[in-house]
Amino acid sequence: MPFTEDTLEQAIIEIFEAKGYEHLYAPDIERDYHEVVLESYFYDAMFRINKGITMEIAEEAYKQIKNIGLVKLADINASFHKMLIEGVLVPYKNGSENKTFQVKLIDFDHPKVNDFKVINQYTIIEYKNKRPDILIFINGIPMVLFELKSAVKEDATIESAYKQVRNYQLDIPTLFHYNAFNVISDGVNASMGTITSDFTRYMVWKSRNGEPPEKEFNPIGVLLDGVFRKERLLDIIRNFIVFQDIEGNTVKIVAGYHQFFAVRKAVERTKQALINNDKKVGVVWHTQGSGKSLSMVFYTGIIVSDPEFNNPTIVVLTDRNDLDNQLFSTFASSSKLLLRQEPKQAKDRANLKELLTVNAGGIVFTTIQKFEEGTEVLTDRKNVIFLADEAHRSQYGLDAKLDRGTGEWKYGYAKNMRDALPNATFIGFTGTPIAMDDKSTVEVFGDYIDIYDMTQAVEDGATVPIYYENRTAKLSLDEVVLKQIDAEYKAMSEDGQTKSQTIEKSKQDLSTLETIIGSSQRLEMLADDIIAHYEDRQYVLTGKAMIVCMTRRIAITLYKTILEKRPEWNEKVKVVLTENNKDDEEWHDIIGNKEHRKQLAIQFKNIHSEFKIAIVVDMWLTGFDVPSMTTMYVDKPMKGHNLMQAIARVNRVYKDKEAGLIVDYIGMAAELKSALNQYTNRDKDKVPDLSKALNIALEKLEIMRDFFYGFNYKAFFGSSNKARLDIILDGVEYVLGHTEEEKKIFIREATALSQAETLCRSMLSDELKMEIEYFKGVKAGVCKVTPGTGLTTNEINARIEKILEQAIQQEGVINIFEQAGKKNPEISILSDEYMQNIRNMKHKNIAAEMLRKLLEDNIKVFRRTGVVKAELFSEKMKQLLKKYNNRLITSAEVIEELLNLSQEMVQSYKAGEEKGLSVEEYAFYDALVADPQVLKEMQDSVLIEMAHELTEMIRKNRTIDWDKKESARAAMRVMVKRLLRKYKYPPEKAQSAIDTVIKQAELMSSQMEM
């Protein structure tokens, strides 16, 4: 049995039924097709879960969820989600007293009293008539949509399922007022996302109960079991969906599996810590870029709302003001539904104490420095949860250390925190692992609760891999400089208890190092190399890059040097520094004030802004997300978690971003390796040297050369533009002369070559770059004229695309292709002029592919209007292409055959007009005369009359979903049978005619007006 969409649909329904969901077949439900909520089930549930509710109150609640009164879909969805979590508030009168009834739409505390239904083929009429595959209803409200594609159809991909969901949001938007999230699947792959997720943010759910993902697993099976147990689904809807305001747009986020299970583990560990009174919950290590900040929001939301925790005060700790602001903004911009309150930032220690002088509740942000400003107890309450971001580094030091210079005993921040909050319970979240020799973090926070390492994040698509390129040799750093840099790395390894004399010496060493690193000669070389490297990569994605400098002075000098060399870059490159009273006067205009930096951050995150390159020292190296940024130039000594957090700025997922690239100008390879040694064993090689990408590029280049063996493409390297254009088209022609399987191999390998080359361009010679550019151009051409293939965003952005456009334009192919690619191609496109154009084309394989695409699209048009002719033409086309693909006929011969077929299609299309029949009527005429014997036994005029009457009868008697309802189909068959008897249609041919007519009516149903 073939594995079709219907097979997948039925398999998923069976799984839901096993989980206790009631299955309904939508066409059998009597309802208004313009409404998406199942009204009767909604009212039944309201009376079941809301004690004391009246019909008037229930009706008002129904009215409120139907008329939310906002314009943007995401805002409407957010408003409904608020009603879902908090209930619908309905004012009513109890005698003379005004009261408010809180109508619960879902009883989250008692999952079993809710009504869970799985419904398939649920037609909705709004701007268009659409029929999603599967919908999950809770209490009559459509909460989850499944869009399915066949695993055996090449063009029915999971991405096409995503695109269909996006189209649904335009065509039947009311359905998505209530949507929690969507699931897309082709039976092999499955992922979930929200109404605002782009395709890259649809994530695979890889765990049933929090166990590590298996290498080989069934994505749809794990997702259904891991998400759709009734209690689990309600938990996700209630506690793991967040809305954020990002640059004025509402963005909806649903937790990934790693966030869900880590938070649930952390909540359970918190309960145990409070019961045992051991004050240590543990540490959640989720690699940078995988959503750690949101995990902290989800955790906080559950802690503050769960009655078991006695309405605790949450103290959120960071170790820098800019991190405090960034994390605070994440919490503040997140839905109040999760946090139930506005978080507050402590201005100083006195303000922190004031904010903690409450009996319960509150979310308070503070920096660790405030614990050094005094020694008194801030609060001795037990219901305080202390939540530390980056739970190591400056939190060191429970024991006292003697300052031999002053004789004073000094305690670390950890001791200060414990003294200030003696009864608080501590939990840490970190994006980098705890160092092996770091005992303090474990003493303060406890052991690991959950680990989500770099390898898993990349495998899941939560982050992209990072590559490393060493370019220190380009700056000719001598041994003396390298030794001084090593000394600086060593100085940085001293912890917060370093003696003051050592600190002063370190400052002096740093000053000496700055003199060398910041010398004008070196910065000239650095600017030249960065410019050259950037210009080679600027077309990759949005061109966003960051340069990390050692000091403020170096940053300013480098900025000026770059602008001297590229004055037109004055909007492209900016310095991002905090102002300082000791700065030179001329720096003020460059640095600006706090508002200026805020605007720079907005611009840098905007993919369309001219601001592409940010020069920084410390700012934006942690907690600052620019997903489209692909390149970081490092010219500053860093180590350990500071280094790993900095380079993680380029690991964010963005469209078809392949990887982030770190370019090293300071010689940090050893420090990178040392930092990675703290990670999991499988993470230790996860920032590979760029030579790995280079090796892949060279390997794929050899494959391309082998594929083109015997084909001379030297003209591409000459000086003639026309010759270059011609040889690209010759290459496309050459590839199209291969079998279907060989074409797929070419596209796959050329894509891999392009991806590797994007990373390692700086290591390739100009000759190799040009050769690779040729194969990219050929691949782009093949994708343009071959159905079922496509270009990546990178390739569309690449300069070679323009060359290709011109090349194909020369042949007149673009005009034909644009017409063929229309959503509803007209049969008139197949005019004599177009046919002659194709016949005269020099490149016969390209012509054949273009004509094939054109005819396939027109057969689709026929399929909607005439099943008989469509099957006839489809079979002819299939046999013809089979001969062509097996090289039994030449490209010139297949063109003639295709042109003959196209002529036949044109004539067939016009035949109905000659008989006075519309397109629909002629389709039914074809159905009646499908058996040639009928024409011998009946007059053509009678058959024409029958076609008129058949069309009118079906038009009048069609109801929505009639083709899905067995009773309606049976009634339609009876009417067709009567009509055939009325006109004395040959009885022995009647059964076949009825089947064909019904099939034609089904195919036409979506095209005919109701």
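Nothing here was measured: the structure is a model prediction, and the numbers come from that model. (Residues numbered from 1 in each chain as written. Predicted model: local features only at pLDDT ≥ 70, side-chain atom pairs only at ≥ 80, totals over all residues. Heavy atoms only, no water.)

**Looking at the overall build of the chain**
Check the secondary structure of the chain and you find 39 helices and 27 strands. Buried positions account for 55% of the 1010 residues belonging to the chain. Within the chain, counting contacts between residues at least 6 apart in sequence, those at least 24 apart form 73% of the total. Just so you have it, the chain exposes about 44,300 Å², and 49% of that area is on carbon and sulfur atoms. (Helix = DSSP H or I, 4+ residues; strand = E, 2+ residues; numbered from the N terminus. Buried < 20%, exposed > 50% of the residue type's maximum accessible area, 1.4 Å probe, protein only. Contact = heavy atoms within 4.5 Å. Areas by Shrake-Rupley, 256 points an atom, 1.4 Å probe, with all protein chains shown as cover.)

**Thoughts on the pairing of strand β11 (residues 241–246)**
In this structure, β11 lies alongside strand β12 (residues 249–254), joined through six bridges in antiparallel fashion. The partner of Gln244 across the bridge, within β12, is Val251. Where β11 hands over to β12, the hairpin turn is made up of two residues, of which Glu247 adopts a positive phi near 50°. (Pairing = 2+ DSSP bridges.)

**A closer look at the packing of helix α37 (residues 940–957) against helix α38 (residues 966–982)**
The contact between α37 and α38 brings their axes to 11 Å, and the two run at 160°. In terms of their interaxial angle, α37 and α38 are classed as roughly antiparallel. At the point where α37 passes α38, the crossing takes the right-handed sense. Contacts between α37 and α38 involve Met946, Glu949, Leu950, Met953, Ile954 and Asn957 from the first element and Met972, Met975, Val976, Leu979, Leu980 and Lys982 from the second. Residue composition of the contact of α37 with α38, grouped by class: nine nonpolar, one polar and two charged. (Axes fitted to C-alpha atoms, helices over the stretch in contact; angles between N-to-C directions. Parallel < 35°, antiparallel > 145°, perpendicular 65-115°, else oblique. Left-handed = near helix turned anticlockwise from the far one by under 90°. Nonpolar A, V, L, I, M, F, W, Y, C, P; charged D, E, K, R; others polar.)

**Side note on the side chain of Lys612**
Relative to the helices and strands, Lys612 resides in the loop between α21 (594–605) and β25 (613–616). Polar side-chain contacts of Lys612 include one of 3.5 Å to the backbone oxygen of Ile607. Other than its neighbours up to four places away in sequence, Lys612 contacts Tyr534, Thr542, Gly543, Lys544, Ala545, Lys572, Phe604 and Ile607. (Polar contact = N/O pair within 3.5 Å; in protein donor to acceptor, adjacent residues only side chain to side chain.)

**Description of the environment of Arg340**
Summarising the element assignment, Arg340 is placed in the loop between α11 (336–339) and β15 (344–345). By relative accessible area, Arg340 is classed as partly exposed at 38%. Separated by 23 residues in the primary sequence, Arg340 and Ile363 have C-alpha atoms spaced 9.8 Å apart. Excluding anything up to four places from it in sequence, Arg340 contacts Ile85, Gly301 and Ser305.

**Thoughts on the pairing of strand β16 (residues 363–367)**
Successive side chains on a regular strand alternate, one facing one side of the sheet and the next facing the other. Taking burial as the measure, the five residues of β16 include five buried ones, the bulk of the element. Across the two faces of β16 the burial is the same, with Ile363, Phe365 and Thr367 and Val364 and Thr366 all buried. Relative to β16, strand β14 (residues 313–318) is paired through five bridges, and the arrangement is parallel. By the bridge assignment, Thr318 is partnered in β16 with Thr367. Where β15 lies against β16, two bridges are found, and the strand directions are parallel. The residue bridging Lys344 from the neighbouring strand is Val364, located in β16.

**With respect to the nonpolar core**
Ranked by internal contacts, the top residues of the largest apolar core, which has 125 residues, are Leu105, Ile136, Phe146, Phe181, Phe228, Leu233 and Tyr299. Not counting chain neighbours up to four residues away, the residues in contact with Phe181 comprise Met143, Val144, Leu145, Met192, Gly193, Thr194, Val227, Phe228, Leu233 and Ile236. In terms of nonpolar packing, the next biggest core, distinct from the first, is built from 120 residues, Met629, Ala659, Phe716 and Ala847 among them. (Core = buried A, V, L, I, M, F, W, Y, C linked by side-chain atoms within 4.5 Å.)

**Digging into the pattern of salt bridges**
Opposite charge on two side chains lets them pair, provided their charged atoms get close. Counting across every chain of the model gives 52 salt bridges. As a salt-bridge pair, Asp225 and Arg208 come within 3.1 Å of each other at their nearest N and O atoms. Here Asp225 is found in helix α6 (residues 219–227), whereas its partner Arg208 is found in the loop between β10 (190–193) and α6, with 17 residues between them in sequence. Overall, the relative accessible area of 30% leaves Arg208 in the partly exposed class. Between Lys271 and Asp306 there is a salt bridge, and its shortest N-O distance comes to 3.7 Å. Of the two residues, Lys271 sits in helix α8 (residues 257–276) while Asp306 sits in the loop between α9 (292–305) and β14, which places them 35 residues apart along the sequence. (Salt bridge = Lys/Arg side-chain N within 4 Å of Asp/Glu carboxyl O.)

**Topic: unusual backbone geometry**
Positive phi, normally seen in glycine, also occurs at Asn277, with a value near 55°. By relative accessible area, which is 44% here, Asn277 ends up partly exposed. Backbone geometry places Lys655, a non-glycine residue, at a positive phi of 45°. Along the chain, the position of Lys655 falls in the loop between α22 (640–647) and β27 (660–664).

**Comments concerning helix α23 (residues 669–676)**
Working note: α-helix, 3.6 residues per turn, so residues spaced by three or four point in the same direction. Of all the positions in α23, only Glu671, Leu672, Ala675 and Leu676 are classed as buried. Looking down the long axis of α23, one finds its buried residues gathered within 135° of arc, a one-sided arrangement. α23 presents Ala670 and Lys673 as exposed residues on the side facing more than 90 degrees away from its buried surface. (Arc of directions from axis to C-beta.)

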